[in-house]
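Observations on chain architecture
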Amino acid sequence: MLHVNENYSKIQASYLFTEIAHRVSAHQQANPDAKIIRLGIGDVTEPLAPAVVEAMHKAVDDEAGRKDFHGYGPEQGYAFLREKVAKVDFQDRGIDIAADEIFISDGAKCDCGNIQELFGNDVKIAVGDPVYPVYVDTNVMAGRTGKSENGRYPGLTYLTCNAANGFVPDPETAAGCDVVYLCYPNNPTGAVATKEQLQKWVDWANANKALILFDAAYEAFIRTPGIPHSIYECEGARTCAIEFRSYSKTAGFTGIRCGYTVVPKGLMAYAADGTPVELRPMWTRRQTTKFNGASYITQRGAEAIYSAEGQAQCKATIDFYLENGRLMKEALQALGYTVTGGGDSPYLWVDVKGDSWEFFDKLLKEANVVTTPGAGFGKAGEGYIRISSFNSRENVLEAIERLKKVL
Ligand code: MLT
């Protein structure tokens, strides 16, 4: 008899954004003329940078001829991209990361989800609350938790992120944990962490032989000087951290799919008898077995992000989204709401002083505006909604007008 992985029965029936998509689609069906403005899932709306488009067209031409045709590529990514990443994202910023520590993938979501395969089933996992659901759900699927009780899974340690701690938890709250997921600029709260705060985490991880899984998918939105773009800006992070990066929000690649993970040489986990085991060869083994690499065309497109034109064009698009965020934040504050984020992040975290699903439904039904209810990101997200800055200026201005009417 075929047995299922019963850990799936512990998990909520549908993924947060799937549940929201169902509600939005039901609303649209009931109101076919409603012009719905989507500020829910963080999906980009602006087209790819011209430098990226040009590079991808050229890559298609390469594939069209015998001379420059590419079949299977290296599972870890082409050297042309890994070398650019290491230089521009790290070495030019004074960070010691080499090309062979970069693993190109089809996006940070997959890597964040897959990385836990490298760890023992008994490791103690800590996540922020509220949290990007992928960190939690993948550990539930792997059997590291019990069944959800009151919105939390026994077996996970939740690090409450709230207004009192500026949405950045303290390492003391992760006592006894082996792996901690940190995401800054944060999804969903839009909060950023200072160098001192991240250094404290790095020192804690090194002192406790623990590992930080640092999701830096939103680093390109940082504009405040001094806010770290990478965990490796902290001293000692090479021996206790893996970092995930994504081109989804940086360069509009949500549909193209590309990102990368940094696994430094010498980063260790431990066998049951205490023998140190290096994680980088394990991740190489995992990727070479289960992944065939991002496509050549995609990687040529990603490479173009690092050209002078590509950098300027991508920055201009991010500035555009940041301006959307600024406009919405100002409008919500004028309406009396307390808003976090919207400055160094594409997300606004709005204190709605009430039930977040009810508030979500009100905005959907009365304003035809889609947001994300904070409770969907965890218990501590209750009382908030998340608004994404990804949309056209026209839609953002229209959404602001509609919010003013209903709030
Ligand atoms: C979000 O809206 O939280 C993100 O778009 C989800 C993702 O990046 O997978």
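Because the structure is predicted, anything quoted here is derived from the model rather than measured.

Our next topic: the domain arrangement of the protein chain. Entries for the protein chain in the domain assignment read domain 1 (11-40 + 309-406) and domain 2 (53-307). Each of domain 1 and domain 2 was reduced to a C-alpha centroid, and the two centroids are 25 Å apart. Together domain 1 and domain 2 conceal approximately 2,700 Å² of surface at their shared face, both sides included; 61% is due to carbon and sulfur atoms. The interface formed by domain 1 and domain 2 includes one salt bridge. Here Asp-319 ties to Arg-223 by a salt bridge, and the two come within 2.8 Å at their closest N and O atoms. At the junction of domain 1 with domain 2, the criterion picks out 12 residue pairs in polar contact (both at pLDDT 80 or more). Those elements that provide at least two residues to the side of domain 1 that touches domain 2 are α10 (308-334), β11 (338-341), β12 (347-351) and β15 (384-388).

By secondary structure assignment, the location of Asn-368 is in the loop between α11 (356-367) and β13 (369-370). Only 2.7 Å separates the side chain of Asn-368 from the side chain of His-27, close enough to count as a polar contact. Excluding anything up to four places from it in sequence, Asn-368 contacts His-27, Ala-34, Lys-35, Ile-36, Ile-37, Leu-363 and Arg-402.

This next bit is on the packing of aromatic side chains. Inspection of the entire model under this criterion finds 22 aromatic pairs. Note on Phe-80 and Tyr-296: the rings are 6.2 Å apart at their centroids and 85° apart in plane angle, and the pair reads as edge-to-face. Here the residue Phe-80 occupies a position in helix α3 (residues 79-90), and Tyr-296 occupies one in helix α9 (residues 296-304), the gap between them amounting to 216 residues. There is no split in this pair, since Phe-80 and Tyr-296 are both buried. Ring centres of Tyr-321 and Phe-390 lie 4.7 Å apart, and the angle between their planes is 75°; this geometry places the pair in the edge-to-face category. In this pair, Tyr-321 sits in helix α10 while Phe-390 sits in the loop between β15 and α12 (393-406), placing the two residues 69 residues apart along the sequence. Of the two residues, Tyr-321 and Phe-390, both sit in the buried class. Here the guanidinium or amino end of Lys-209 rests over the ring plane of Tyr-270, the centre of that ring lying 5.4 Å away. The side chain of Arg-386 reaches across the aromatic face of Tyr-347, ending 3.8 Å from its centre.

The end-to-end C-alpha separation of α10 is 39 Å, in line with the 39 Å expected for 27 residues at 1.5 Å each. If you check which residues of α10 are buried, you get Gly-310, Cys-314, Ile-318, Tyr-321, Leu-322, Asn-324, Gly-325, Leu-327, Met-328, Ala-331 and Leu-332.

Here we come to the site of the ligand. In the neighbourhood of the ligand, the contacting residues comprise Phe-17, Ile-41, Gly-42, Lys-109, Tyr-132, Asn-187, Tyr-218, Lys-249, Tyr-347 and Arg-386. Here an oxygen atom of the ligand sits 2.6 Å away from a polar atom, N or O, in the main chain of Gly-42. Asn-187 is positioned with one of its side-chain polar atoms (N or O) 2.9 Å from an oxygen atom of the ligand. Its free accessible area being 270 Å², the ligand has 86% of it covered by the protein chains. Considering only residue class, the shell around the ligand consists of five nonpolar, two polar and three charged. When residues of the shell around the ligand are sorted by domain, at least three fall in each of domain 1 (11-40 + 309-406) and domain 2 (53-307).

Thresholds applied
Residues numbered from 1 in each chain as written. Predicted model: local features only at pLDDT ≥ 70, side-chain atom pairs only at ≥ 80, totals over all residues. Heavy atoms only, no water. Domains from an automatic or database assignment. Buried area = accessible area lost by both parts, 1.4 Å probe. Salt bridge = Lys/Arg side-chain N within 4 Å of Asp/Glu carboxyl O. Polar contact = N/O pair within 3.5 Å; in protein donor to acceptor, adjacent residues only side chain to side chain. Helix = DSSP H or I, 4+ residues; strand = E, 2+ residues; numbered from the N terminus. Contact = heavy atoms within 4.5 Å. Phe/Tyr/Trp six-rings, centres within 6.5 Å; stacked < 30°, edge-to-face > 60°. Buried < 20%, exposed > 50% of the residue type's maximum accessible area, 1.4 Å probe, protein only. Lys NZ or Arg CZ within 6 Å of the ring centre and 35° of its normal. Expected span 1.5 Å × (residues − 1). Near = heavy atom within 4 Å. Areas by Shrake-Rupley, 256 points an atom, 1.4 Å probe, with all protein chains shown as cover. Nonpolar A, V, L, I, M, F, W, Y, C, P; charged D, E, K, R; others polar.

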